[in-house]
Every structure is written in structure tokens, then in C-alpha cells.
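Listed here are the chains, written in short residue letters.
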Amino acid sequence: FEEACSYMNAAAAECVARALAAAELTVQDIRQIEVVGGCSRIPFVQRALKQAFEGRELTTSLNADEAVAKGCAWAAAMLSPSVRLAQLPLKESGTPA
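Let us look at the structure shown here. Bear in mind the structure is a predicted one, so any value in this text is a computation, not a measurement.

**Here's the deal with the nonpolar core**
Reasoning step 1: Of all hydrophobic cores here, the largest spans nine residues; its members are V16, L20, V27, I30, I33, V35, A52, F53 and L58.
Reasoning step 2: When residues no more than four places from it in sequence are discounted, the contact partners of A52 are A12, A13, V16 and V27.

And the structure:
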């Protein structure tokens, strides 16, 4: 399995690099890396992400499936013209207040 997916190491690094560039951030600007979703449980994916973040530890303190579902609902609500969202206050750490 891991041999068949080995090309994904570069893809993970590329995805992280593009996301950081779009946010105008560097790996050093990121304090915590929370991984969510079904694939975040796969050791190969965890290693690829850890490598893309220069060896930084990944955290898994959230319920992975619930976090994805809430994120999808939030994204859908932002796109909907009939839903009005309240401003989400953020602490300095970047987590909801």
C-alpha cells in the first residue's frame, strides 16, 4: 500500500506549500497542526504531512469525522444566500473563542 502511494509524499508537500503561500505564511508561522478526516488516521498520510511540515508533531485532539462535518456545514452556509452567519471571534491562538 505504502509503495503504491509513495508519490503522494511530494503531493502532500506541494499542497502544504500552496496553502501556506496562499495564506502568506511559512511553516514556522504555524503553531499547531491538527489533522482531521478519515485519511488522517492512516500512518502513511501522517508521516507525509509531518515531513511536509518539517518534522513538526501533528495533533489529533478533535473528533476527526465531526470536525470535517462541521467544516463542510460551515462552508455550505457561507456559500448560501439564505443563511446569515455570525462573526466567529478568534483568540490569538487561532482557535474559536
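**Regarding the packing of helix α1 (residues 8–22) against helix α2 (residues 43–52)**
Reasoning step 1: For the pair α1 and α2, the least separation of the axes is 9 Å and the interaxial angle reads 50°. Taken together, the axis directions place α1 and α2 in an arrangement best described as oblique. In this structure, α1 crosses over α2, and the sense of that crossing is right-handed. Residue-level inspection shows M8, N9, A12, A13 and V16 of α1 in contact with α2, the latter providing F44, A48, L49, Q51 and A52.

**So, the pattern of salt bridges**
Reasoning step 1: Scanning all chains against the criterion turns up four salt bridges.
Reasoning step 2: Residues R18 and E14 are paired through a salt bridge, measuring 3.5 Å at the closest nitrogen-oxygen approach. Remark: E14 and R18 occur in helix α1; sequence separation between them is four residues, near one turn of the helix.
Reasoning step 3: In this structure R18 comes out as exposed when scored by relative accessible area, which is 52%.
Reasoning step 4: For E66, the salt bridge goes to K70, with nearest N and O atoms at 3.2 Å. In this pair, E66 and K70 both sit in helix α3 (residues 64–79), four residues apart, roughly one turn of the helix.
Reasoning step 5: The partly exposed category is assigned to E66, whose relative accessible area is 40%.
Reasoning step 6: Judged by relative accessible area, K70 falls into the exposed class, the value being 55%.

**A look at α1**
Reasoning step 1: Taking 1.5 Å as the rise per residue, α1 with 15 residues should run 21 Å; its terminal C-alpha atoms sit 21 Å apart, in good agreement.
Reasoning step 2: All of the buried residues in α1 are A12, V16 and L20. On an axial view of α1, the arc spanned by its buried residues comes to 65°, and they lie on one face. Facing away from the buried side of α1 by more than 90 degrees, the exposed set consists of A10, R18, A21 and A22.
Reasoning step 3: Where α1 is buried, its residues touch α2.
Reasoning step 4: E24 sits one or two positions beyond α1 and adopts a positive phi of about 55°.

What counts, and where the lines are drawn
Residues numbered from 1 in each chain as written. Predicted model: local features only at pLDDT ≥ 70, side-chain atom pairs only at ≥ 80, totals over all residues. Heavy atoms only, no water. Core = buried A, V, L, I, M, F, W, Y, C linked by side-chain atoms within 4.5 Å. Buried < 20%, exposed > 50% of the residue type's maximum accessible area, 1.4 Å probe, protein only. Contact = heavy atoms within 4.5 Å. Axes fitted to C-alpha atoms, helices over the stretch in contact; angles between N-to-C directions. Helix = DSSP H or I, 4+ residues; strand = E, 2+ residues; numbered from the N terminus. Parallel < 35°, antiparallel > 145°, perpendicular 65-115°, else oblique. Left-handed = near helix turned anticlockwise from the far one by under 90°. Salt bridge = Lys/Arg side-chain N within 4 Å of Asp/Glu carboxyl O. Expected span 1.5 Å × (residues − 1). Arc of directions from axis to C-beta.

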